[in-house]
Amino acid sequence: MPDHLWLVRPRRDGGCDYVRFLPSQETVEVHEGSHLPPQMPLLKHRHWLAAEEAEARRRDLQQEDGYQFSEPLF
């Protein structure tokens, strides 16, 4: 997994849901939230996963929940 990875899913209200993966040496920090500019991003969940679990979560988000790769939102 790269240094960081963003997945984004657009919403009907013009905002988006996002998931940010931040790998470290042994785990991956995962931030899940939403963003509706110009408001501040809302962090809904923050947790740590093993690298293999994070990769499986990334695949699930893309295949089942409609998330796509994105440039950093903020």
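To be clear, the structure that these remarks concern was listed above.
Residues numbered from 1 in each chain as written. Predicted model: local features only at pLDDT ≥ 70, side-chain atom pairs only at ≥ 80, totals over all residues. Heavy atoms only, no water.

(A) Region of interest: the pattern of salt bridges. Applying the stated criterion across every chain yields a total of 7 salt bridges. For Asp17, the salt bridge goes to Arg11, with nearest N and O atoms at 3.3 Å. On the basis of relative accessible area, Asp17 is assigned to the buried category, the value being 10%. Arg46 serves as the salt-bridge partner of Glu29, at 2.6 Å between the closest nitrogen and oxygen. Of the two residues, Glu29 sits in strand S3 (residues 27-35) while Arg46 sits in strand S4 (residues 42-50), which places them 17 residues apart along the sequence. A relative accessible area of 15% means that Glu29 is categorised as buried. A cluster of three or more residues bridged by salt bridges with shared partners is formed by Arg9, Arg11, Asp13 and Asp17. (Salt bridge = Lys/Arg side-chain N within 4 Å of Asp/Glu carboxyl O. Buried < 20%, exposed > 50% of the residue type's maximum accessible area, 1.4 Å probe, protein only. Helix = DSSP H or I, 4+ residues; strand = E, 2+ residues; numbered from the N terminus.)

(B) The nonpolar core, seen in detail. If you look at the biggest cluster of nonpolar residues, it comprises 10 residues: Leu5, Leu7, Val19, Phe21, Val28, Val30, Leu49, Ala54, Leu61 and Tyr67. The set of elements that each furnish at least two residues to this core consists of strand S1 (5-10), strand S2 (16-23), S3 and helix H1 (51-64). (Core = buried A, V, L, I, M, F, W, Y, C linked by side-chain atoms within 4.5 Å.)

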